[in-house]
Amino acid sequence: MKIDENSSPPERAYTARHSKNRVRDSPQEPHKAADTPASPWQTVTGYLKKLRFKRRVFGGVDEADVWRKIEKLNGLYEDALRAERLRYDALLEQQRKECLSGEGRLENE
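Residues numbered from 1 in each chain as written. Predicted model: local features only at pLDDT ≥ 70, side-chain atom pairs only at ≥ 80, totals over all residues. Heavy atoms only, no water.

**Thoughts on the side chain of D65**
Convention followed: Note on conventions: DSSP H or I runs of at least 4 residues are helices, E runs of at least 2 residues are strands, and numbering of each starts at the N terminus. The definition of a polar contact used here is a pair of N or O atoms within 3.5 Å, where within protein one atom must be able to donate a hydrogen and the other to accept one, and adjacent residues in sequence count solely through side-chain atom pairs. Here a residue-residue contact requires only that any non-hydrogen atoms of the pair lie within 4.5 Å.
With respect to the helices, strands and loops of the structure, D65 is situated in helix 3 (residues 63–101). A distance of 2.8 Å separates a polar atom in the side chain of D65 from the backbone nitrogen of K54. Dropping the residues within four chain positions of it, D65 is found in contact with R52, F53 and K54.

Here you go:
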């Protein structure tokens with residue numbers, strides 16, 4: 001296909017590559033408020049995604065570095081489990097209060 005001065009490129013190919021209205025830096029995740037803390041499980045996930053071990057000269061990884069990172073990961077898991085326990089305890093307490101006050105009962109009982 002020969003393109004001369006009067007012809008234009010196909011519209012679809014042009015808009016896909018050269019559109020001025022295209023947003024390049026749009027967020028991939030829904031917007032979160034800046035003051036919203038990350039959940040403890042998201043902290044663990046982020047740590048695991050970035051986890052890299054120091055290499056030794058003759059293959060393998062540095063054992064001391066591995067143990068340090070395992071200890072850090074264990075601490076993150078303990079923090080996450082502690083937060084989950086607090087959340088579950090609060091939910092249980094709220095449910096007990098609702099049951100005692102009669103809000104949790106069905107109307108036809």
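**Things to note about the nonpolar core**
Using the following cut-off: To define a nonpolar core, start from buried Ala, Val, Leu, Ile, Met, Phe, Trp, Tyr and Cys residues and group those joined through side-chain atoms within 4.5 Å. Three exposure classes are used, based on accessible area relative to the maximum for each residue type with a 1.4 Å probe and protein chains only: buried under 20%, partly exposed in between, and exposed over 50%.
Counting 5 residues, the largest nonpolar core consists of V44, Y47, L51, L73 and L76. Elements with a minimum of two residues in this core: helix 2 (40–50) and helix 3.

**Structural notes on the environment of V44**
Locating V44 in the fold gives a position in helix 2. Here the alpha-carbon distance between V44 and L73, two residues 29 residues apart in the chain, equals 7.2 Å. With sequence-adjacent residues up to four places away left out, V44 is seen in contact with L73, L76 and Y77.

**Description of the confidence of the model for the protein**
The condition that has to hold: One confidence number per residue, pLDDT, is output by the predictor and ranges from 0 to 100.
The pLDDT averaged across the protein works out to 75; a share of 60% of its residues lies at or above 70. Averaged pLDDT values over the elements of the protein bottom out at 51 in helix 1 (residues 11–18) and peak at 92 in helix 3.

**So, a nonpolar patch on the surface**
Defined as follows: Every patch collects residues that have over 30% relative accessible area and no salt bridge, joining them within 9 Å if they carry like charges and within 5 Å if they are nonpolar side chains (Val, Leu, Ile, Met, Phe, Trp, Tyr). Accessible surface area values rest on a Shrake-Rupley calculation with a 1.4 Å probe, where residue burial reflects the displayed protein chains alone. We define a salt bridge as a contact between a side-chain nitrogen of Lys or Arg and a carboxyl oxygen of Asp or Glu at a distance within 4 Å.
Nonpolar side chains collect at one region of the surface, where W41, L48, Y77 and L81 lie side by side and expose about 360 Å² of accessible area between them. At the level of secondary structure, the elements contributing two or more residues to the nonpolar patch comprise helix 2 and helix 3. Tracing the chain through its elements places Y77 in helix 3. For Y77, a relative accessible area of 34% gives the class partly exposed.

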